[in-house]
Structure formats: structure tokens, C-alpha cells
Amino acid sequence: MASPSPARPQRSPDEVEDIILRKILLVSLTPPANPSPAVAYLELTAAELLSESRPLLALRDAAERLLIDRLSLPDPPAASPSPFAFLAAAFRRAADEARKISTIRDAALRARLAASIAHLRGLILSYARIVAGNPDTFPSPPNAPHPAAELLVFLLAEAADPLDPTPAPGAPPPPGFIDEFFGNADYETIEPAMGELYERLRQSVEKVSALGDFQRPLRVLRRLVGIPNCAKALVNHPKWIPKNQIMLIGEGRVMELSSVLGAFFHVSAIPDREFASQPDVGQQCFSEASSRRPADLLSSFTTIKSVMNGLYDGLKDVLLILLKNLDTREKVLDYIAEVINKNAARSHMQVDPLKCASSGMFVNLSAVMLRLCEPFLDNMESKKDKIDVKYLFCNNRVNFRDLTAINASSEEVSSWVESLNNEQAENNVSGEARFVESQEATSSGKNSTSPLLSKGGAPVRCPKKENFSFICECFFMTARVLNLGLMKALSDFKHIAQELARYEDDLESNRAIRDQGGGSPQLEQDIKRLEKIVEILSQHKFCYEAQILRDGAFLQRALSFYRLMILWSVNLVGGFKMPLPSECPKEFSCIPEHFLDDAMDLLVLTSRVPKALESFALDDFLNFIIMFMASTSYIKNPYLRAKMVEVLNCWTPKRSGLNSTASLFEGHQLCLDYLVRNLLKLYVDIEFTGSHTQFFDKFNIRHNIAELLEYLWDVPSHRNAWRQIAKEEEKGVYLNFLNFLINDSIYLLDESLNKILELKEIEAEMANIVEWERRPSQEREERLRVFHQWENIVRFDMKLANEDVGMLAFTSEQIPAPLLLPEMVERVASMLNYFLLQLAGPQRKSLTVKDPEKYEFKPKQLLKQIATIYVHIARGDKEAVFPAAISKDGRSYNEQLFASATQILWKIGGDPKIIQEFVQLASKVKAAASEAMDAEAILGDIPDEFLDPIQYTLMKDPVILPSSRVTIDRPVIIRHLLSDSSDPFNRSHLTQDMLIPNTELKSQIEEFIRSQQSRKRTAAESAIGEAEGADNMVE
């Protein structure tokens, strides 16, 4: 029978603790029997313990010495872990040992060991923080990673998600390590480690696109800012607001390239040609888009929208956490303000990509700011009163002072702010003390002092007031960010789309030239170059579309913001009511123009994006537009007022495709009372915009007005309002409107018809194939380019001409009276005669083109409309002045013209009733022409002083021009003043009420007419008497 094995000697508590601590630290205090490269023999430490008469045991009181000596081992081999990696592993071993001792039955021993392990864990974490902040504290093996890099790997691994596009960069940290590393440390301890960590975190997303792996670093950032000391370390980081300079790079771009947050905001689908990100979104998602299936494109759009919204939400969380922390809030607002101020040049037409941050960054910032605004956008009626207009001029954070005001010069803005200051000083006896106090104050708005330049050049300071609310600051900062971000990007998108269309036209034209036998080596090179440009622009266009236009929620948030902007702006003038106060309040006139301009631009764009306006209330926008679109005393910029019409035009059911928009125009009293009136006024005002392109701009603007007016004419309530305005303003704005409508019709149709003749000339050249192919290829290419250019001009001009003639046709039926006024009737008759001559005269066949519809040229429709206008005016002609006016037109009128037009009208199927009345009018015109000839014969030679100096016709109502003292016929000068408010002889200012009746000359003219008529009558009677006498003699 075997003897029992001897019992293992029971270890003392010291020995148990020694074993556990040595396991955790991987150290030995005695020469190991079986050396392991992982376990370090601390020979010197053991000698020190022996010299101190202490046992060679790793106990709690020696733990820190053991840890330091373990980390301080000289010349660690390349395969050994770095100090930080060793400490992290030691933390894991400590956790393992802590779990194991839970099975020890001896409660006292278990408590002792737990306390020792906890003490050692604390030491490990403490030295891990020291190493992370000061990598050179302990020796490291060759090529060891920076502790911050190792810490970032832990953070990224812990933040991993199965849906991330790439796997985690390393193993996760020991459980609890990250929480205890950051959570139990004070700021001074953690701050050194955070500097390098944030820099490496920034580098991890540097040049990463929307398709890259930015989600993990963003989750890490989100986690870090949730730790108060880490958040504080972030806003105190040297690269929170970078002060460094980069050669050839502007401050605005430096904010994006160097700041910690800038790298995250740079992540985008929008291309950045100067600092490209990878993967290339355009190349990967939209290359050769024309050959891709629609489902593939839709999938790309959905993916980009999804990942970008993830970025927006993450960055919003980061900023919101920092804003809620009183220790970091001010610096967050400072950061946003610096991004805005240093990128103010992004509002320019041409943006230097080396000086300013990218569109991608600012679109991202726009989306994030809109998310921060959401709480007060949901309750805007109750929150708009917290938005203080004085912030624009009295904050020291964001610069609004260099922006163009809605209706005030910079001097007027300064004067107004100075008056605010004086008013405050009068109400405050201790004004100087308050000023000193304000210099020292800090507030959420930093509204201490805000120097402006007064008229004399001295600084103007704003009065002290209570702190501006966060709502106020967030509102105005968002307005600036949207202007520099979302709205600028939308403008860029529009230009890219226009440029793409232009290059596609050029490419199509070049291919057409090649197909028509005009090929040459140079042409082939041009085609390849254009194909490459079209491909790049197409990719860029799709990238913008994917990130912005396909994100309906983004656009809806922006619309909500600008609705609040409109409500707040209207509040400055007393709310939604008409008429507006006669004097524009300074609070309104001094706000930046782009606040309202951006609102209109966004409305135009969203009106053209399918479903973008669905379920969105537009009533406030409509009322705002009606209030301000015709008010030059409130909104100076005519182009801004023109945009308002463009918005309304986009909302017509025909353009919007939404039946719901019809109620906007038909159910609002403000709309019914003022819309037509203000449209007519704007049609007149837009003649002079002050721009060097005003002549061509007015046609585009009036095109929108004409389309909207045509729609409103079919709405009975608006048609009635139109008729009432025509009656009330027959010699006012309505007469001006008709004058410009006629001017435009003549110019556009004349230009179009002349260009058609030139197009026919080139068509004839190309039809002669033999002669055409003999020409040099370059000459043929040039002629074809001219041909396509003129095609576009004719198409545009003819479309506008059709609109103008159409408007004259439908308005003349119910409102003919203004067209029959003395100052208008001859001009209207001349216009109609000229159009009739072109469409029915001998030269009409020269206007025949191969494809008239291609150019919007509809001669049959035009002729019918011209005949209709003739008839409508004739129906309203109670005093028979119209036939005489038609017959007086010596340039275009002849009897045969009306006969020819009648034949064509029957042939093309005109309205029989209209044709019959047109024939009757022709008879009256013929009779009037005969009467005019008789009258001219009666008057004989007319004295020069009785002739109008411009028309050389006998004056009927002579008036004296006050400046030049020239006498002129009233209808002639009034017709001139409808287009030009100046004396035609010396260009001095002139209005109708300044005309001086020349009663003496008028009496002389009337006496002359009577005497001539009497003389002719006497001569006729004498001739009759002589004839009768001769007859008697014969008898």
C-alpha cells in the first residue's frame, strides 16, 4: 500500500501576494531556474531590498519601485513590448488575477490581495498616462510606436463596428483600461497625453473621403469629448484654432488642413481638387455614368447620403457635448467664428482653393449647424424674439460689418450704431463705467465692444447689454455658415451644370462637324479633350447632387432655417401687413443682404428638386415676397427682387407639378390685393438695374414675370385685380408696363427675324455641298460654331417674343383703353404694322427655315395673335383713333398688306370672326388714310415752328421742356418719358408733371388749321361757282 504524498507547505499571505504581483509585472527577484525572455530578473532591485533588510518579495509597498525598475530596463530588445504596451498588458494581467482571487475562501487574504492588485492597477494606469504624455520617460525598443499611436489603436479597436468598411487596426484594449485611463485622472495628468493623441486622431481621417473609414475615428472623438478633461484638452489643443502658417496656403484653408476638427469636416463626397481625398467618390461611383444603370446610380446616391448623415450626426454630437460643457463652450463658439471669419472670401465669385476651406468642409458644417438649430426651429414662433439684431453689430466674435446691407451703406450702418450708443449713454449716467465693465465682461456673445467706423473714421462702440443667448449666436453663425457653405456649394453646382451643358453642346457640335465631313486631326484632338472634360464635370455634378440635392432632410432643415429668417426679418418691420411703413426701419435696412438673398436662392433650387417642397408650408415665404418684391425703399438690389419673382414662377402648378401650390396664389388676401400690382411695378423697375449687363438681364427677369402674369390672368380674382389696376394706373405704372412690353416685343422679334435670315444664309452655304467641301476645314468649323451660337440666340429671343405678343393678345381683349391713349396708339399701331409686314409682306418667304419649331418660331401662331390684337384694340376704340394711327405709319403700312394678311389668315385656319373684323378694320384704315391725305392737302406747307422737333408732324398739344426750353408735342415727349426720364435735348431730369403747356403756340396752331381749312373751303366753293357759271354760259 502506497504511502500518502506529503502535503504542500501552505504559503504565507506575503508569498501569495509576491506570486501575484510578479505575475502581473513579469519580474523575478531571484535568478530564475528556467529563464524566460518575458520575465525580467531585477537583480539591482533585489540587491537594494536585501541591503534594506527586506525579504525578496514583490509586495505592495515595493510595487512602484518594481514597476519603475521593470520599465527602466536598459536597451530593451526589438521584440520586446514598448513601455505603453507592457503597461496595458500588465493591466490585463492584473484584471485576470483579480478574477482568480475571488475563489479564495480566506476573506482577510482575499481583501489584502484585492487591495494590492487595485493599488498596482492604479500605478499601472498612472505610469501609462505618464508614458503616453512623455514617451521618453523609459527606454523603448527600436522602432517602437508612439504611445499615443498605441492608445489610438486601442480606441479605434474598441470603437469598431461590423459595418465599418475596413477591419480594426489592432487588438482591443484590456476591458476597463480606456475608461480608467481617462476617467480617473485629473486634467494636468491627462493633458500631455491628449495633445499627441488628438493629432494622430486628426491624421487618421486626413484626406479620407466619404467612402473612406472615418466612422471609427469619429466615434473615438465622440467618446473622448464626453470625458470632461479630454474635452478640455481638445479645446486647449494647439491645433484647436491653428496659429501655424503654411507657405502659399491661406488662413481659411489652414483651419481645415491643420485643426483637429477640420480634418473631420473635410470628409466629403464633394471633390476637392487641391487636396484630394481617397477613395475618389466621383471615379468610384459615377465614372461613365451615362452607361450605368439607373439602379446603380440610385444605390450610390443612397450610400453617400447615408454615410454623410452619419458624419453630420457624429459631428453634431461632438459640438453639442462641447457646447453643454461650460469649460469648453466659449472655445467652440470661437472655433466656429474663426472658421467663418477666415473663410469670408468664399462668398466671392471666384474662390482661391489655396486660401479658403473646401466646399465639402462648409457643406458639412452647414449640415451640423442646422442640426444645432433644430430645437428652436421646431418652436420658431416663440424663439424668434431671442434673436437680437444688435448682435450683428455688437458682437466681437463674428464679423458682419464688411457685408453688404439690404438697403444701407456702410456709413449709414455706422451712423445708426453710433446713434444706438448715444441713446444708451443718455439713459445711463454712468456710461463710462459701464463701458469699462463691458470691456472686461465675457459672455456667450462676447458682446463687450464692437468697433465700427463712424463717418469721421473714429471707432463706434456698441452699448453694453445683457449676454446674447445661445439661440441668437447659433442663428447668426448658421446664417453665415450657410452663405459660405450650402448656398455657395449650390451656386458651384449650378455653374458646374451650366459648364457641363456648354461642353456637351460643344462636343455635340464638333461631332456634327466631323459627321458632316469636316474632320481634321485638330478636330479629333478637340473631341477627345471635350470628352475628358465632360466626364470629369459629370462626375463632379453627381457628387454635389449625391451629398446635397438627394438629401431631402438636409434641404428641409435649410428651408426651416430660412423660414425663421423670414419671420424674424418681417418682425423688424412690424409683421406681415401691407402697405409697408413709408420709412424703412434701420434695424431692417442694416441687416446683411445675403440673409434674404440666400433664402430666395434656396427656394428657387428646392422648387426644382422633386418632392423637396412636399408638405412644407410656403405661406410665410409667399407673404414676404409679395411685401418686398416691388419695394425699392426696403430692398435696393433689383436682382434680389427679381429672384422673388423667379421663386413664385417656380411655384405655379405648371412649373412645380404640385396642385397644392395653386392655393398659394388663390387663397391669400395679401396675394390677391398686391401680387399683380407689384409684378407690373417690378416689370417697369427692372429696366435699369445699374449693372453693365442690365440690357440682357432684363429679358431674363421679365421672362419670369411674363410667365407668372400669364398664369395669374387665368385666375379670375387676379384678372379682376389686373383690370382694376389698369383703370387706376392708366397713365401711371400700367402705361409704363405696356411701353416696356411693346419695346421688348419689337426688339426681340426684330432680332430673331434678322438672325433667322443669317441662319438661312449659312444653311444655303452648307446645302451647296461641292462649294462647302472646298472650303478649309477651319473655316467650316467656324461657320458651324456661329450657326449653333445663333440658333441658341434665336431660340431664346423668339421664346420671349412669343410671350410678350401673347400677353398683348390676351390683355388687349379686356383692357384696350391704355393702348388707345394719344401717347401710345401710334406706337402700338407701328409695332403691329411692322410685325404684319414681316409675317405677311413680300419678304415673308425669306423667313422659311427647315425646322421652325426648333427655334420657337411659330409664324402662323404669331400672325393669328397679331390679327387678334388689332381686332381687340379696334373693339375698344370708341373715338376711331386706331385706324388713323395705323394709316399714319409710313414705314410699314400699305393697303395691300392687310389684304395679303387676310388671305393668309383664311389659309391657315384663323378664327373667322377675328378675320371678318380684321377686314372691317382694314376698310376703316383705308378710309382714314384717304382722309389723312385730304387733311394734309388742306394744310399745305406747315410752318416749322408748328412741327414737332422729333417726329416732324403738326403738334396738337405743344409743351415746353423746362430745362432745354424746347417746345415739343405732348404725346411725343410722354412716349419718350415712358422709357427715359430725361430731356432728350440735354439729358437733364424730366417728368410729366414738369412739362409747361405752350398755350400761345397751341392757339396759333389751331388758328392756322382753321385758316387753312377756311381757305380750302373758300377755294372749293369758288371753284364750284366758276364751274356753275361756265355751265350757264354753255346753256
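This is a predicted model, so every value here is computed, not measured.

## Here's the deal with the overall build of the chain
Here is step 1: Secondary structure summary: the chain contains 43 helices and 7 strands in total.
Here is step 2: Relative to a compact globule of 1035 residues, whose C-alpha radius of gyration would be 31 Å, the chain shows 42 Å and is clearly more extended.
Here is step 3: Relative to its full complement of 1035 residues, the chain shows a buried share of 51%.
Here is step 4: Taking contacts inside the chain between residues at least 6 apart in sequence as the whole, the part at least 24 apart equals 75%.
Here is step 5: As displayed, the chain has an accessible area near 48200 Å², and 51% of this comes from carbon and sulfur atoms.
Here is step 6: Charge centroids of the chain, computed over 117 positive and 140 negative side chains, lie 5 Å from each other.

## A closer look at the side chain of histidine 594
Here is step 1: For histidine 594, the position within the fold is in helix H26 (residues 593-607).
Here is step 2: With near-sequence residues (within four places) excluded, histidine 594 lies in contact with Leu403, Ala479, Arg480 and Asn483.

## A look at helix H8 (residues 187-204)
Since one α-helical turn is 3.6 residues long, residues separated by three or four positions face the same way.
Here is step 1: Taking 1.5 Å as the rise per residue, H8 with 18 residues should run 26 Å; its terminal C-alpha atoms sit 24 Å apart, in good agreement.
Here is step 2: Largest kink in H8: about 35°, centred on alanine 193.

## Describing the packing of aromatic side chains
Here is step 1: In this structure the tally under the stated criterion is 44 aromatic pairs.
Here is step 2: Residues tryptophan 722 and phenylalanine 810 carry aromatic rings whose centres are separated by 6.2 Å and whose planes lie at 85° to one another, so their mutual orientation is edge-to-face. Pair noted here: tryptophan 722 is in helix H33 (residues 716-728) and phenylalanine 810 is in helix H36 (residues 777-814), with a separation of 88 residues, a long-range link.
Here is step 3: Centroid distance phenylalanine 898 to phenylalanine 918: 5.1 Å. Interplanar angle 15°. Geometry classified as stacked. Of this pair, phenylalanine 898 sits in helix H40 (residues 895-907) while phenylalanine 918 is found in helix H41 (residues 912-939), placing the two residues 20 residues apart along the sequence.
Here is step 4: Overall, phenylalanine 918 belongs to the buried group, its relative accessible area being 0%.
Here is step 5: Here the aromatic cluster, defined as three or more aromatic residues joined through ring pairs, consists of Tyr391, Phe400, Phe468, Phe475, Phe476, Phe561, Tyr562, Trp568 and Phe595.

## Some words on the sheet that holds strand S6 (residues 967-969)
Here is step 1: The 3 strands are arranged S6-S5-S7 in an open sheet whose pairing can be described as antiparallel. Bordering the open sheet on either side are S6 and strand S7 (996-997), each of which pairs with just one other strand.
Here is step 2: Contacts from helix H42 (residues 970-977) reach strand S5 (958-960), S6 and S7 within the one sheet, and its direction differs from that of S6 by about 85°.

## Things to note about the packing of helix H14 (residues 294-324) against helix H16 (residues 359-377)
Here is step 1: Where H14 contacts H16, the axes come no closer than 9 Å and their chain directions differ by 55°. As judged from the angle between their axes, H14 and H16 are oblique. Handedness of the crossing formed by H14 with H16: right-handed. Across the interface between the two elements, Met308, Asn309, Leu311, Tyr312, Asp313, Leu315, Lys316, Leu319, Leu320 and Leu323 of H14 pack against Val363, Asn364, Ala367, Val368, Arg371 and Leu372 of H16.
Here is step 2: Split by residue class, the contact of H14 with H16 holds 11 nonpolar, 2 polar and 3 charged.

## With respect to the confidence of the model for the chain
Here is step 1: Per-residue confidence for the chain gives a mean pLDDT of 86, with 92% of residues at or over 70.
Here is step 2: Contacts for the low-pLDDT stretch residues 429-445, under 50 throughout, to residues beyond four places or in other chains number 29 contacts.
Here is step 3: Note that pLDDT drops below 50 for residues 447-460; the model gives that stretch 46 contacts with residues more than four away or on any other chain.

## Brief notes about the pattern of salt bridges
Here is step 1: One pass over the structure, following the stated rule, counts 52 salt bridges.
Here is step 2: The salt bridge partner of lysine 316 is aspartate 317, with a shortest N-O separation of 3.5 Å.
Here is step 3: Of the charged contacts, one joins lysine 755 and glutamate 758 as a salt bridge, the two residues approaching to 4.0 Å between their closest N and O atoms. Taken together, the positions of lysine 755 and glutamate 758, both in helix H34 (residues 733-767) and 3 residues apart, correspond to about one turn of that helix.
Here is step 4: On the accessibility criterion, lysine 755 (17% relative accessible area) is buried.
Here is step 5: For glutamate 758, a relative accessible area of 28% gives the class partly exposed.
Here is step 6: If you follow the salt bridges from partner to partner, you end up with Glu48, Glu52, Arg54, Asp61 and Arg65 in one network.

## Some words on empty space enclosed by the protein
Here is step 1: Taken as a whole, this structure holds 2 cavities of 30 Å³ or more when the rule is applied.
Here is step 2: Size it by volume and the largest cavity reaches roughly 50 Å³.
Here is step 3: Lining the largest cavity, in full, are Tyr683, Phe699, Arg702, His703, Ala706, Asp744, Leu748, Leu800, Glu803 and Asp804.
Here is step 4: Breaking the lining of the largest cavity down by element, the ones donating at least two residues are helix H32 (694-713), H34 and H36.
Here is step 5: Within the lining of the largest cavity, the residues separate by chemical class into 5 nonpolar, 1 polar and 4 charged.

## A short note on helix H2 (residues 43-51)
Here is step 1: Taken residue by residue, H2 has Thr45, Ala46 and Leu49 as its buried positions. Buried residues of H2, viewed axially, fall in a sector of 100°; they line one side. When the buried face of H2 is taken as reference, the exposed residues oriented beyond 90 degrees from it are Glu43, Leu44, Leu50 and Ser51.
Here is step 2: On its buried side, H2 packs onto helix H3 (63-71).

## Side note on the environment of glutamine 1004
Here is step 1: The residue glutamine 1004 is located in helix H43 (residues 999-1034) in this model.
Here is step 2: By relative accessible area, which is 37% here, glutamine 1004 ends up partly exposed.
Here is step 3: Sequence spacing of glutamine 1004 and lysine 232 is 772 residues, and the spatial spacing of their C-alpha atoms is 94 Å.

## Regarding unusual backbone geometry
Here is step 1: A cis amide bond links glutamine 278 to the next residue, proline 279, at an omega of -5°.
Here is step 2: Looking at the element boundaries, proline 279 is found in the loop between helix H12 (260-266) and helix H13 (281-286).
Here is step 3: Methionine 578 connects to proline 579 through a cis peptide bond whose omega is -5°.
Here is step 4: With respect to the helices and strands, the residue proline 579 is situated in the loop between helix H24 (552-571) and helix H25 (586-589).

## Comments concerning a negative patch on the surface
Here is step 1: Side chains of Glu504, Asp505, Asp506 and Glu508 sit close together on the surface and give a patch of like negative charge.
Here is step 2: Mapped onto the elements, glutamate 508 comes out in helix H22 (residues 486-515).
Here is step 3: Note on glutamate 508: relative accessible area 55%, which makes it exposed.

## As for the nonpolar core
Here is step 1: Judged by nonpolar contacts, the single largest core of 315 residues is most densely connected at Phe182, Trp568, Phe628, Trp651, Trp722 and Phe737.
Here is step 2: The element that contributes the greatest number of residues to this core is H34, accounting for 15 residues.
Here is step 3: If we skip the residues at most four places from it in the chain, phenylalanine 628 touches Val570, Val573, Leu580, Phe588, Tyr634, Ile635, Arg641 and Met644.
Here is step 4: If you look at the next biggest cluster of nonpolar residues, it comprises 9 residues, including Ile968, Ile973, Leu977 and Leu990.

## Side note on the side chain of asparagine 623
Here is step 1: Relative to the helices and strands, asparagine 623 is located in helix H27 (residues 619-628).
Here is step 2: Under the relative-accessibility criterion, asparagine 623 is labelled buried at 13%.
Here is step 3: Contacts of asparagine 623, omitting those with residues within four sequence positions, involve Phe576, His668 and Leu670.

## Side note on the packing of helix H28 (residues 638-651) against H32
Here is step 1: Contact pair H28 / H32: the axes reach a minimum separation of 8 Å and the direction vectors enclose 35°. Considering how the two elements wind past one another, H28 and H32 form a crossing that is left-handed. For the pair H28 and H32, contact is made by Tyr639, Ala642, Val645, Glu646, Leu648 and Asn649 and by Gln694, Asp697, Ile701, Asn704, Ile705, Glu707 and Leu708, respectively.
Here is step 2: The class makeup of the residues in the contact of H28 with H32 is 7 nonpolar, 3 polar and 3 charged.

Thresholds, definitions, all that
- Residues numbered from 1 in each chain as written.
- Predicted model: local features only at pLDDT ≥ 70, side-chain atom pairs only at ≥ 80, totals over all residues.
- Heavy atoms only, no water.
- Helix = DSSP H or I, 4+ residues; strand = E, 2+ residues; numbered from the N terminus.
- Rg over C-alpha atoms; globule rule 2.2 N^0.38 Å.
- Buried < 20%, exposed > 50% of the residue type's maximum accessible area, 1.4 Å probe, protein only.
- Contact = heavy atoms within 4.5 Å.
- Areas by Shrake-Rupley, 256 points an atom, 1.4 Å probe, with all protein chains shown as cover.
- Lys, Arg positive; Asp, Glu negative; His and termini not counted.
- Charge placed at Lys NZ, Arg CZ, Asp CG, Glu CD.
- Expected span 1.5 Å × (residues − 1).
- Bend = angle between axes of the 7 residues up to and from the residue.
- Phe/Tyr/Trp six-rings, centres within 6.5 Å; stacked < 30°, edge-to-face > 60°.
- Pairing = 2+ DSSP bridges.
- Axes fitted to C-alpha atoms, helices over the stretch in contact; angles between N-to-C directions.
- Parallel < 35°, antiparallel > 145°, perpendicular 65-115°, else oblique.
- Left-handed = near helix turned anticlockwise from the far one by under 90°.
- Nonpolar A, V, L, I, M, F, W, Y, C, P; charged D, E, K, R; others polar.
- pLDDT = per-residue confidence, 0-100.
- Salt bridge = Lys/Arg side-chain N within 4 Å of Asp/Glu carboxyl O.
- 1 Å grid on protein atoms, 1.4 Å probe; cavity = no way out; pocket = protein on both sides within 12 Å on 5 of 7 lines; lining within 4 Å.
- Points joined across faces, edges and corners; volume = space filled by probe spheres on them.
- Arc of directions from axis to C-beta.
- Patch = residues over 30% accessible without salt bridge, like charges linked within 9 Å, V, L, I, M, F, W, Y side chains within 5 Å.
- Core = buried A, V, L, I, M, F, W, Y, C linked by side-chain atoms within 4.5 Å.

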